[in-house]
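Here's the letter readout for the chains.
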Amino acid sequence: MTELHLRAAEPADLDAVLVFWKISAEGTSISDDRDGVERLVARDPEALILAERDGELVGTVIAGFDGWRCHLYRLAVHPERRRQGIGSALLTAAEERFVRLGGRRADAMVLVRNETGQHAWRAAGYAPEEKWRRWVKHLTD
């Protein structure tokens, strides 16, 4: 198996990332469109981390840091490439980024119905924090 290459996404990657998420991510988000991902990369060019093997996109994670909190989104590995250490490598890269930026604690958004994701996050050392509840208000239709 060839080496895994991790790098920050560039604007030219974004269409491929959106297609990848339809195949590999669990669920969709209101921000899963070209404009949303372009804003992310323009605001924080290192936040969207890609994993490639032989030039093929095999995984992603968004490691967002707002100066106060470290947030993880869109940890996704292609279904045919799971259980090969790709997700772990992406999380390590994200956590190292957070530490470099001064982050102290990372949190992840994981759908309750995503049992595979629940197991993966637990295996990576994350745990649900039941005392918190996410409150959401959509700002656009």
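In this report, the structure presented in the accompanying data block is examined. Every value quoted in this text rests on a predicted model; they were computed, and no experiment measured them. (Residues numbered from 1 in each chain as written. Predicted model: local features only at pLDDT ≥ 70, side-chain atom pairs only at ≥ 80, totals over all residues. Heavy atoms only, no water.)

## Observations regarding the side chain of T60
Part 1 of the argument: Turning to its location among the elements, T60 is positioned in strand β3 (residues 56-65).
Part 2 of the argument: One polar contact links the side chain of T60 to the main-chain carbonyl oxygen of R74, over a distance of 2.8 Å.
Part 3 of the argument: For T60, the residues in contact, after removing those within four places along its chain, are F20, W21, L48, I49, L50, R74, L75, A76 and L90. (Helix = DSSP H or I, 4+ residues; strand = E, 2+ residues; numbered from the N terminus. Polar contact = N/O pair within 3.5 Å; in protein donor to acceptor, adjacent residues only side chain to side chain. Contact = heavy atoms within 4.5 Å.)

## As for unusual backbone geometry
Part 1 of the argument: With phi around 55°, R74 is a residue other than glycine that occupies positive phi space.
Part 2 of the argument: If you trace the backbone, R74 turns up in strand β4 (residues 70-77).
Part 3 of the argument: Overall, the relative accessible area of 15% leaves R74 in the buried class. (Buried < 20%, exposed > 50% of the residue type's maximum accessible area, 1.4 Å probe, protein only.)

## A closer look at the packing of aromatic side chains
The geometry of an aromatic ring pair is captured by two quantities: the separation of the ring centres and the angle between the planes.
Part 1 of the argument: This structure, assessed with the given rule, holds 1 aromatic pair.
Part 2 of the argument: Ring geometry for W121 against Y126: centres 5.0 Å apart, planes inclined by 85°, an arrangement best described as edge-to-face.
Part 3 of the argument: What makes W121 buried here is its relative accessible area of 10%.
Part 4 of the argument: Lying over the aromatic face of W68, R69 brings its terminal NZ or CZ to 4.0 Å of the ring centre.
Part 5 of the argument: Directly above the ring of W21 sits R74, whose terminal nitrogen or CZ lies 5.3 Å from the centroid. (Phe/Tyr/Trp six-rings, centres within 6.5 Å; stacked < 30°, edge-to-face > 60°. Lys NZ or Arg CZ within 6 Å of the ring centre and 35° of its normal.)

## As for helix α3 (residues 86-101)
Note on helix geometry: an α-helix contains 3.6 residues per turn, so any two residues three or four positions apart are oriented the same way.
Part 1 of the argument: Between its terminal C-alpha atoms α3 stretches 23 Å, which fits the 22 Å expected from 16 residues at 1.5 Å a residue.
Part 2 of the argument: When α3 is considered as a whole, its buried residues turn out to be I86, G87, L90, L91, A93, A94, R97 and F98. In a view along the axis of α3, the buried residues occupy a sector of 160°, so they form one face of it. Exposed residues pointing more than 90 degrees away from the buried face of α3 are listed as S88, V99 and R100. (Expected span 1.5 Å × (residues − 1). Arc of directions from axis to C-beta.)

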